Amino acid sequence: ETGPVGLIFVDNHGALWAATTDGTLMRHQNGAWETNPVPGLHLQRKLVVLCMMQDRAGTIWIGTDNSGLIGIDGHQVRVYKDPPSLPEPRITGLLEDNEGGLWLGMPAFGVLQVKDGRVTPYGRPEGLSWDVTLSVLQTRDGTVWAGTEGGGLNLLQGGHWRTITSPQVLGG
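Residues numbered from 1 in each chain as written. Predicted model: local features only at pLDDT ≥ 70, side-chain atom pairs only at ≥ 80, totals over all residues. Heavy atoms only, no water.

*Asks:* What am I meant to see in the overall build of the protein here?
*Replies:* The helix and strand inventory of the protein stands at zero helices and 16 strands. Since a compact globule built from 172 residues should have a radius of gyration of about 16 Å, the 17 Å found for the protein is in line with a globular shape. Seen through its C-alpha atoms, the protein measures out along the principal axes to roughly 45 × 35 × 30 Å. Relative to its full complement of 172 residues, the protein shows a buried share of 44%. (Helix = DSSP H or I, 4+ residues; strand = E, 2+ residues; numbered from the N terminus. Rg over C-alpha atoms; globule rule 2.2 N^0.38 Å. Buried < 20%, exposed > 50% of the residue type's maximum accessible area, 1.4 Å probe, protein only.)

Shown next as C-alpha cells:
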C-alpha cells in the first residue's frame, strides 16, 4: 500500500506516472503498475517528487523536495543535486521553453535557466520579486511566468521581470 498521491504525470508515450508523498514513484503502462520504474536510481533519501515534465528530446525531468533534479533518458539516469550543478536540492517547478532551455523553480534561489550548457540565475538581484519560486511556465507568446510565495506573479519580457501583485489584475 502506498501513501497519498501528490503528483500525477503522463509522458509522451502515454504512460501514467504517480508519485506519493511517502516517496514511492510508480508508472502505469501496458495495463500494469511498475513500482520501480527507474532502474538505476539510487538515492540516499526517499524520493519526494514535486514536479515532472518531459522535454522534446524525450528526457523525463523530475524535480524533488530533497534529491535535486533527476533526468531520465531511456535507461540513463542523471541526478543533479549539489553545487556546482544546483545551488539547492529542492526543485518546485520545471519548464522547457520554446527555444529548448530548461527552467527550474527553486524555493531559495528564484529561477534558473539552463541553456546550451550555461546557467542563468534569476532572483531578487535580477528583478524577480521574491526568491521563493513555486512554479514556472511559458505562454504561447514566449512570456516566462514565475509564481512566487511572497512576491506575487512575475513575468519576464524583453529580459526584464515585471511583478503583478494586485488581485484585480490577476482577475480575482
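Resuming the write-up.
*Asks:* Which parts of the structure should I look at to understand the environment of Gly-68?
*Replies:* Its location among the elements puts Gly-68 in the loop between strand S6 (60-64) and strand S7 (69-73). Exposure remark for Gly-68: the relative accessible area of 0% places this residue in the buried category. Between the alpha carbons of Gly-68 and Leu-16 there is a distance of 22 Å; along the sequence they are 52 residues apart. Those residues within four positions of Gly-68 in sequence are excluded, and the remaining contacts are Ile-62, Gly-63, Tyr-80, Lys-81, Leu-86, Pro-89 and Ile-91. (Contact = heavy atoms within 4.5 Å.)

*Asks:* Honestly, the packing of aromatic side chains in this entry has me stumped. Any pointers?
*Replies:* A complete count under the given rule lists three aromatic pairs for this structure. A ring pair is formed by Trp-61 and Tyr-80, whose centres lie 6.4 Å apart and whose planes are at 35°; its orientation type is tilted. On the criterion of sequence distance, the pair formed by Trp-61 in strand S6 and Tyr-80 in strand S8 (residues 76-80) is long-range, its members being 19 residues apart. Residue Trp-61 is classed as buried on the basis of its relative accessible area of 10%. Relative accessible area serves as the criterion here: at 27%, Tyr-80 is assigned to the partly exposed category. By the ring-pair criterion, three or more aromatic residues cluster together here, those being Trp-103, Tyr-122 and Trp-161. (Phe/Tyr/Trp six-rings, centres within 6.5 Å; stacked < 30°, edge-to-face > 60°.)

*Asks:* Looking at this structure, how should I read the sheet that holds strand S16 (residues 160-164)?
*Replies:* What links the strands of a sheet is backbone hydrogen bonding, and the strands pair in either a parallel or an antiparallel sense. What the four strands build is an open sheet, ordered S13-S14-S15-S16; its pairing is antiparallel. Either end of the sheet is taken by a strand with one partner, and the two such strands are strand S13 (133-138) and S16. The mean angle between the axes of side-by-side strands here comes to 25°, regardless of whether they run parallel or antiparallel. With four bridges connecting them, strand S14 (residues 144-148) and strand S15 (residues 153-157) associate as antiparallel partners. Residue pairing in the sheet places Gly-147 in a bridge with Leu-153 of S15. (Pairing = 2+ DSSP bridges. Axes fitted to C-alpha atoms, helices over the stretch in contact; angles between N-to-C directions.)

*Asks:* Would you mind going over the pattern of salt bridges with me for this structure?
*Replies:* A side chain with one charge can pair with a side chain of the opposite charge if their charged atoms come near. With the rule as written, the count across this model stands at four salt bridges. Note that Glu-34 and Arg-27 form a salt bridge whose closest N and O atoms lie 2.9 Å from each other. For Arg-27, a relative accessible area of 15% gives the class buried. (Salt bridge = Lys/Arg side-chain N within 4 Å of Asp/Glu carboxyl O.)

*Asks:* Would you mind showing me how to read the pairing of strand S5 (residues 49-54) here?
*Replies:* Consecutive residues of a regular strand have side chains that alternate between opposite faces of the sheet. The buried count for S5 comes to five of six residues, which makes it a mostly enclosed element. Between the antiparallel neighbours S5 and S6 lie five residues, among them Gly-58 with a positive phi of about 100°.

*Asks:* Whenever I open this one, the nonpolar core confuses me. Can you help?
*Replies:* Nonpolar side chains in soluble globular proteins generally cluster together in the buried interior. Within the largest apolar cluster, 15 residues are counted, with the highest numbers of intra-cluster contacts made by Trp-17, Leu-25, Val-49, Met-52, Ile-60 and Ile-62. If we skip the residues at most four places from it in the chain, Ile-62 touches Leu-25, Val-49, Cys-51, Met-52, Gly-68, Leu-69, Ile-70, Ile-72 and Leu-94. Membership of the second largest hydrophobic core comes to eleven residues, among which are Met-53, Trp-61, Leu-86 and Leu-102. (Core = buried A, V, L, I, M, F, W, Y, C linked by side-chain atoms within 4.5 Å.)

*Asks:* Got a minute to help me understand unusual backbone geometry in this structure?
*Replies:* Unusually for a residue other than glycine, Asn-30 sits at a positive phi of about 55°. Inspection of the secondary structure puts Asn-30 in the loop between strand S3 (25-29) and strand S4 (32-34). Residue classification places Asn-30 among the exposed positions, given a relative accessible area of 78%. Backbone geometry at Asp-116 places phi at a positive 50°, although glycine is not the residue there. Within the fold, Asp-116 resides in the loop between strand S11 (110-115) and strand S12 (118-122). According to the relative accessible area criterion, Asp-116 is exposed, its value standing at 72%.

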